[in-house]
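# Working through the structure, step by step
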Number of protein chains: 2
Amino acid sequence: MKSIPLPAIRRYPLYLRRLKSYRIGGTMWVSATTLADDLGFSSILVRKDLALTGLEGRPKYGFAIDPLIEAIEECLGWNNRTDAILVGAGNLGSALLGYSGFSQYGLEITAVFDSDPDKRGKKIQGKSILSMDKLAGFISRTHIPMAVLTVPADSAQRTAELLEDAGIRGIWNFAPVKLKLSDKVVVQRVDLASSFAELSSRLKRNEL
Amino acid sequence: MKSIPLPAIRRYPLYLRRLKSYRIGGTMWVSATTLADDLGFSSILVRKDLALTGLEGRPKYGFAIDPLIEAIEECLGWNNRTDAILVGAGNLGSALLGYSGFSQYGLEITAVFDSDPDKRGKKIQGKSILSMDKLAGFISRTHIPMAVLTVPADSAQRTAELLEDAGIRGIWNFAPVKLKLSDKVVVQRVDLASSFAELSSRLKRNEL
C-alpha cells in the first residue's frame, strides 16, 4: 500500500458506498465528475483521490466500476478480513456488535470481553462474553491485531494498557478519554461527546 | 455565547469529564498544568481553552473546580436541556437511545420515528416508535430543534430533506452519507466507516 493521505482514505468509504449503489442500479462506468456531483465534492478532489488508487479513467467513459471498487477496497485493506476483539459489553458495545455495517469493512469481531462477573458466559448478539482474565491469553494465542474499546471512561486507560501489554496494535476507542500509550499502538478515537459539543455550538451560532 | 473556536469546543467535554472526576475525588482546585498533564495536552493549549470560558485562574491555586465546570457547561450549552428526536430505530438508533452518556450533555430524546410498519407502536429503550407520517406534525407542534439521524444510507438524504422541510435546524447524522441541505440546517456527521478506514490505514503504516 502506497502512502495515501488520510483525508483521501476517509473519503474512500463514501466513494465505495456510492459506487456499489451505481452497480446495483446496473451502471458499469462512472466519471469522476458524476461521482463528485453526487457526493457534493469538487471534481478535482475526486479525480485526485481516484488517481491515488493507481487506476486511470478512460476518456469519455470514466472509470469501470468493478475494478474501481476493488482498487479502493485494496487501498483500504478491506478486501482482507480484519479480526478484532471488543472490550466492554455495555450498551454501546452491544450496539456496535449488532451493527451490520462492520462486515462491509471486513471487520470481524471474534471475541467479546467484559469485567462484570454477572455478564460472564452470557451472550450478546450471538457472542459469548468472556472474562477479562482471559484477555491477555486470548490475544497472545490468536495474535489478533485490533481491539474495539467500549468500556466506561474510568477504566479506559487501564484497559488500554492491558491491551497494549498483551500485544494489541490498533485500538478503536469509543471511550471518551484520550488514551496515553506508546507509539507501537495506533489509537483511533470516536468521540460522541466532542461531536455533540460541536453540533450544539454550531447550532447556536447558526441561530444568532 | 462568544465565538469559541470549534477545536476548543471539541476539547471541552474531555475537560469536563476530568474535572468531574477530580470533584468526585474531593479536589476543589486544579491548575491548567495538572489538567494538561492528565489529558496529555500542552499546558499552553489548556490555559488558552480555559481562558475562553471567561474565568481566570488564581495564582498558586489555579481554577476552582465547581465554577469551572459550570462555565464550560455554559459555553457548551449543556446547562440547558436540548430536546431531539431520533429517526431510524435500527441497531445503531436503539443503541444510541440506550446510551446513558447523552444525558450528561443535556441531550434528551423525546420521540423516536421509523418507517418500518412492523416497528410502529413497539417500544425501544422505553420509548414508543412513531410512524414517519407523524414526523412533520410533531416537529412543527413541538418546535423541536434537533434530530439524530440513524436511518440506512439509502434513505438518509430523503429523510434529511423531510426533516429540513418540517423545521429541524440541527442534524446529528450517523448515516454514512454526506447530506446536501440548505445552510439553514447544521449537520454534524459521525462517520464510523471513515474512522475505521483511517484506523486500518494507520495500523498498516505503523507496521511497515
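- Under the annotation held in an unreviewed UniProt entry, chain A carries the name Redox-sensing transcriptional repressor Rex and is attributed to Spirochaeta isovalerica.
- Taken directly from UniProt, the Subcellular location (unreviewed entry) text for chain A runs: "Cytoplasm".

### Let's talk about the overall build of chain A
- Along its length, chain A carries 9 helices and 9 strands.
- On the principal axes, the C-alpha backbone points of chain A span a range of 60 × 50 × 35 Å.
- Buried positions account for 51% of the 208 residues belonging to chain A.
- Total accessible area on chain A stands at roughly 9,800 Å², and carbon and sulfur atoms take up 50% of it.
- The average position of the 28 basic charges and that of the 22 acidic charges among the side chains of chain A differ by 2 Å.

### So, the interface of chain B and chain A
- Every contact between the two is made by 62 residues of chain B and, on the other side, 62 residues of chain A.
- Taken together, both faces of the contact between chain B and chain A bury some 5,900 Å²; the carbon and sulfur share is 62%.
- Counting the surface chain B buries against chain A, the share from its top three residues, Gln188, Phe196 and Leu199 of chain B, is 11%.
- If you look at where chain B meets chain A, you find 2 salt bridges.
- Ionic pairing is found between Glu198 of chain B and Arg10 of chain A, a salt bridge with its closest N-O pair at 2.5 Å.
- For the pair chain B and chain A, the interface holds 25 residue pairs in polar contact (both at pLDDT 80 or more).
- For the side of chain B that touches chain A, the secondary structure elements donating two or more residues are helix 1 (6-24), helix 2 (32-39), helix 5 (91-98), strand 8 (170-173), strand 9 (186-189) and helix 9 (192-207) of chain B.

### Quick notes on a nonpolar patch on the surface
- A surface patch of nonpolar side chains, amounting to about 340 Å² of accessible area, comprises Met28, Trp29 and Tyr61 of chain A.
- Topologically, Trp29 of chain A is positioned in strand 1 (residues 29-30).

### A closer look at the relation of the copies chain B and chain A
- For the pair chain B and chain A, the superposition axis carries a translation of 0.0 Å, the fit reaches an RMSD of 0.0 Å, and the rotation angle comes to 180°. Both copies of the chain, as the preceding transformation shows, are related through a two-fold rotation axis. Identified as the residue of chain B closest to the rotation axis by C-alpha distance is Ala95 of chain B, at 2.5 Å.
- A share of 100% of the interface residues of chain B reappears at the interface of chain A, consistent with the copies meeting face to face through the same patch.

### Some remarks on helix 4 (residues 65-76) of chain B
- The end-to-end C-alpha distance of helix 4 of chain B is 17 Å, a good match for the 16 Å that 12 residues give at a rise of 1.5 Å each.
- Trailing helix 4 of chain B by a residue or two, Gly77 of chain B shows a phi angle of about 75°, which is positive.

### A look at the sheet that holds strand 7 (residues 146-149) of chain B
Residue and element names in this part refer to chain B.
- Overall, mixed pairing links the 7 strands, which are arranged 5-6-4-3-7-8-9 in an open sheet. Every interior strand has two partners, whereas the edge strands, strand 5 (123-124) and strand 9, have only one.
- Here strand 5 runs beside strand 6 (residues 127-131); their pairing, made up of 2 bridges, is antiparallel. Paired with Ile124 across the strands is Lys127, a residue of strand 6.
- Set on the sheet, helix 8 (residues 153-166) makes contact with strand 3 (82-87), strand 7 and strand 8; between it and strand 7 the angle comes to about 170°.

### Brief notes about the nonpolar core
- If you look at the biggest cluster of nonpolar residues, it comprises 102 residues, and the most contacted ones within it are Trp172 of chain A together with Trp172 of chain B.
- Beyond its immediate chain neighbours, meaning those up to four positions away, Trp172 of chain B contacts Leu192, Ser195, Phe196 and Leu199 of chain A together with Phe102, Leu107, Ala147, Val148, Leu149, Gln188 and Val190 of chain B.

### So, unusual backbone geometry
Residue and element names in this part refer to chain A.
- Look at Gln125: it is not a glycine, yet its phi comes out positive at around 50°.
- Relative to the elements of secondary structure, Gln125 occurs in the loop between strand 5 (123-124) and strand 6 (127-131).
- On the basis of relative accessible area, Gln125 is assigned to the partly exposed category, the value being 45%.

### Quick word on the pairing of strand 6 of chain B
Residue and element names in this part refer to chain B.
- Both strand 4 (residues 107-114) and strand 6 contribute to a ladder of 3 bridges, which runs parallel. Residue pairing for strand 6: Phe113 is matched across the bridge by Leu130.
- Linking two consecutive strands that pair antiparallel, namely strand 5 and strand 6, is a turn of 2 residues; a positive phi of about 45° is found at Gln125 within it.

Criteria and cut-off values
Residues numbered from 1 in each chain as written. Chains lettered and ligands numbered in written order. Predicted model: local features only at pLDDT ≥ 70, side-chain atom pairs only at ≥ 80, totals over all residues. Heavy atoms only, no water. UniProt positions renumbered as here; feature names shortened; annotations may be inferred. Helix = DSSP H or I, 4+ residues; strand = E, 2+ residues; numbered from the N terminus. Buried < 20%, exposed > 50% of the residue type's maximum accessible area, 1.4 Å probe, protein only. Areas by Shrake-Rupley, 256 points an atom, 1.4 Å probe, with all protein chains shown as cover. Lys, Arg positive; Asp, Glu negative; His and termini not counted. Charge placed at Lys NZ, Arg CZ, Asp CG, Glu CD. Contact = heavy atoms within 4.5 Å. Buried area = accessible area lost by both parts, 1.4 Å probe. Salt bridge = Lys/Arg side-chain N within 4 Å of Asp/Glu carboxyl O. Polar contact = N/O pair within 3.5 Å; in protein donor to acceptor, adjacent residues only side chain to side chain. Patch = residues over 30% accessible without salt bridge, like charges linked within 9 Å, V, L, I, M, F, W, Y side chains within 5 Å. Least-squares fit on C-alpha atoms with pLDDT ≥ 70 in both. Expected span 1.5 Å × (residues − 1). Pairing = 2+ DSSP bridges. Axes fitted to C-alpha atoms, helices over the stretch in contact; angles between N-to-C directions. Core = buried A, V, L, I, M, F, W, Y, C linked by side-chain atoms within 4.5 Å.

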